[in-house]
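Each chain is listed here by its residues.
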Amino acid sequence: MPQISQIAATYASQIFWLLITFGLLYFVVGKGMVTKIVATVDAREAKIEGDLAAAEAARRQADTVEDAWRAQMEAARVAAAAETAAAKAQATQSAEAQVKAADASLAERLGHHDFAIANAKAEALANLDTVAAEAAQQLVAKLSGIDVSVDQAAHAVREVRAHG
Amino acid sequence: MAAAEGSKIDPMHQFLIEPVAGSHWVVGGYDLSFTNSALWMVVTLASLAAFMIGGMKRELVPGRWQAAVEGFTGFVSAMLVSNVGPAGKRFIPYVFSLFMFILFANILGLLPFGVVPGVHPFTVTSHLTVTGVLAIISFAIVLIVGFGKHGFHFFSLFVPHGTPVVMIPLIFVVELMSFLVRPFSLGLRLFVAMTAGHILLKVLAAFVINGINMGPGYVALVSLPSFALMVGITLLELLVAGIQAYVFALLTSVYLNDAVNLH
């Protein structure tokens with residue numbers, strides 16, 4: 001077995017070259033490259049973690065925004081309903097008031113007309129009395145030749161009218 | 001060449017260390033020749049560095065290559081965090097280097113570079129000197145971290161919680177022994193697994209070659225079943241290559257946990 005039979009002759013060369021190659025490997029590859037590669041991996045992991053945290057935060061913010069939007073929508077809906085109800089109530093009220101005003105003006109006009117009719121009727125009646133009295137005076141004058149005053153004739157007409 | 005020599009195929013020849021250029025460099029009485037073993041250490045380092053450079057784009061959204069490299073760093077990082085805790089991230093450079101060096105060396109030793117004339121694949125991790133040094137580095141880091149962090153209180157590692165007072169001296173010795181055996185078990189496990197797998201493959205390959213040399217009947221009876229077995233065992237060895245690298249890194253992180261967190 002050369003590993004053992006040659007050991008006395010080759011150990012120095014073996015150890016010497018192993019220390020050189022393994023030393024280079026350790027300092028150049030191990031200390032130099034691997035450290036950088038591990039740093040790259042760590043940086044990537046940190047970035048992934050940060051990105052995930054940012055995404056989580058963004059999701060949470062989106063949730064709050066959505067909640068706020070929902071609440072706002074709800075409030076707007078309630079306000080709109082209230083406004084609609086108020087407008088409806090106001091419309092009803094104003095319609096009622098308008099109808100009432102129209103009723104009042106109609107009633108007033110009716111009153112005026114009634115009054116005018118009553119006046120006209122009274123005037124007509126008064127005229128009728130005068131006409132009847134004059135007719136009675138002229139009748140009496142024509143038939144009996146007696147001049148009666150208008151007052152007497154009117155009195156008589158009143159009497160006849162009172163008795164029917 | 002080996003096929004022509006028939007039964008002279010030596011399954012141990014693959015582990016032989018020889019200077020690449022044939023010349024020995026002796027420095028201060030030590031032979032520091034650039035051997036085939038050293039060459040394959042450099043190949044391991046170069047291919048690993050190439051693999052890593054391909055993943056150094058450091059983009060936020062990784063491409064395929066970057067994802068592969070990050071898969072390996074993430075694997076080592078997760079292993080350290082689950083065994084040692086968040087404090088274990090400090091050991092990522094070392095455990096990553098260890099895991100990847102062993103993994104690449106294991107797999108490079110299994111790849112069929114032998115089909116290229118003049119290229120002889122060599123498994124660095126099938127040598128006790130290499131696995132032993134890696135195990136000693138791991139053990140030394142455990143000792144340095146343990147004593148550096150806890151001082152002499154680190155010895156309380158050898159007295160588990162709830163040990164009766166009478167038993168403490170005995171348990172202490174037993175635990176100390178098991179602690180001291182760690183670097184040996186760590187280094188030997190990898191060395192033995194790699195050596196055994198490669199010997200098995202080479203023995204089966206010798207069956208295939210020898211059967212072909214001995215005639216058609218032997219091809220049908222010996223070579224073909226051996227070859228089928230080789231295909232299966234090669235797949236198994238690829239699995240072992242990964243598992244052994246994982247076990248080495250895992251045990252290192254488990255030992256580091258002892259040093260960092262005591263109990």
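Only a predicted model underlies this, so the values are computations on that prediction, with no experimental measurement involved. (Residues numbered from 1 in each chain as written. Chains lettered and ligands numbered in written order. Predicted model: local features only at pLDDT ≥ 70, side-chain atom pairs only at ≥ 80, totals over all residues. Heavy atoms only, no water.)

Asker: Break down the packing of helix H2 (residues 7–144) of chain A against helix H3 (residues 150–163) of chain A for me, with residues and values.
Answerer: Residues and elements named next belong to chain A. Viewed as axis vectors pointing N to C, H2 and H3 meet at an angle of 115 degrees, and their least axial separation amounts to 8 Å. If you check the angle between H2 and H3, you find them roughly perpendicular. In this structure, H2 meets H3 at a crossing whose hand is right-handed. Mapping the contact onto sequence places Leu128, Asp129, Ala132, Ala133, Ala136 and Gln137 in H2 and Val150, Ala153, Ala154, Val157 and Arg161 in H3. (Axes fitted to C-alpha atoms, helices over the stretch in contact; angles between N-to-C directions. Helix = DSSP H or I, 4+ residues; strand = E, 2+ residues; numbered from the N terminus. Parallel < 35°, antiparallel > 145°, perpendicular 65-115°, else oblique. Left-handed = near helix turned anticlockwise from the far one by under 90°. Contact = heavy atoms within 4.5 Å.)

Asker: An account of the UniProt feature "transmembrane region" (unreviewed entry) in chain B is requested, with residue identities and associated values reported.
Answerer: Residue and element names in this part refer to chain B. Per the UniProt record, "transmembrane region" (unreviewed entry) is found at residues 38–55, 67–85, 91–116, 128–148, 154–174, 186–209 and 229–256. Its end C-alpha atoms 24 Å apart, residues 67–85 is made of 95% helix and 0% strand. This span, residues 229–256, is 100% helix and 0% strand, and a straight line between its end C-alpha atoms measures 39 Å. (UniProt positions renumbered as here; feature names shortened; annotations may be inferred.)

Asker: Could you give me a rundown of the interface of chain B and chain A, with the residues and numbers involved?
Answerer: If you look at the interface, chain B gives 48 residues, while chain A gives 36 residues. When chain B packs against chain A, the two sides together hide about 3,700 Å² of surface, and 77% of this comes from carbon and sulfur. Counting across the interface, chain B meets chain A through 2 salt bridges. Residue B:Lys89 is joined to A:Asp42 by a salt bridge in which the shortest nitrogen-to-oxygen separation is 3.9 Å. Remark: the boundary between chain B and chain A carries 13 residue pairs in polar contact (both at pLDDT 80 or more). Of all the secondary-structure elements, those providing two or more residues to the side of chain B that touches chain A are strand S2 (30–31), helix H1 (36–54), helix H2 (64–84), helix H3 (92–110), helix H4 (128–150) and helix H5 (168–214) of chain B. With 9 residues, H1(B) is the single largest residue contributor to the side of chain B that touches chain A. For the side of chain B that touches chain A, the class distribution of residues is 32 nonpolar, 11 polar and 5 charged. (Buried area = accessible area lost by both parts, 1.4 Å probe. Salt bridge = Lys/Arg side-chain N within 4 Å of Asp/Glu carboxyl O. Polar contact = N/O pair within 3.5 Å; in protein donor to acceptor, adjacent residues only side chain to side chain. Nonpolar A, V, L, I, M, F, W, Y, C, P; charged D, E, K, R; others polar.)

Asker: Which residues make up H1(B), and what values go with them?
Answerer: Between the first and last C-alpha of H1(B) there are 27 Å, a value that for 19 residues agrees with the 27 Å anticipated at 1.5 Å per step. Of the positions making up H1(B), those classed as buried are B:Asn36, B:Ser37, B:Ala38, B:Trp40, B:Met41, B:Thr44, B:Leu45, B:Leu48, B:Ala49, B:Phe51, B:Met52 and B:Gly54. (Expected span 1.5 Å × (residues − 1). Buried < 20%, exposed > 50% of the residue type's maximum accessible area, 1.4 Å probe, protein only.)

Asker: Describe a nonpolar patch on the surface, listing the residues and the values that go with them.
Answerer: Residues and elements named next belong to chain B. Taken together, Ile107, Leu111, Phe227, Val231, Leu235 and Leu238 make up a surface patch of nonpolar side chains, about 500 Å² in accessible area. Take the nonpolar patch: its biggest share by element is 4 residues, from helix H6 (residues 216–261). Along the chain, the position of Phe227 falls in helix H6. (Patch = residues over 30% accessible without salt bridge, like charges linked within 9 Å, V, L, I, M, F, W, Y side chains within 5 Å. Areas by Shrake-Rupley, 256 points an atom, 1.4 Å probe, with all protein chains shown as cover.)

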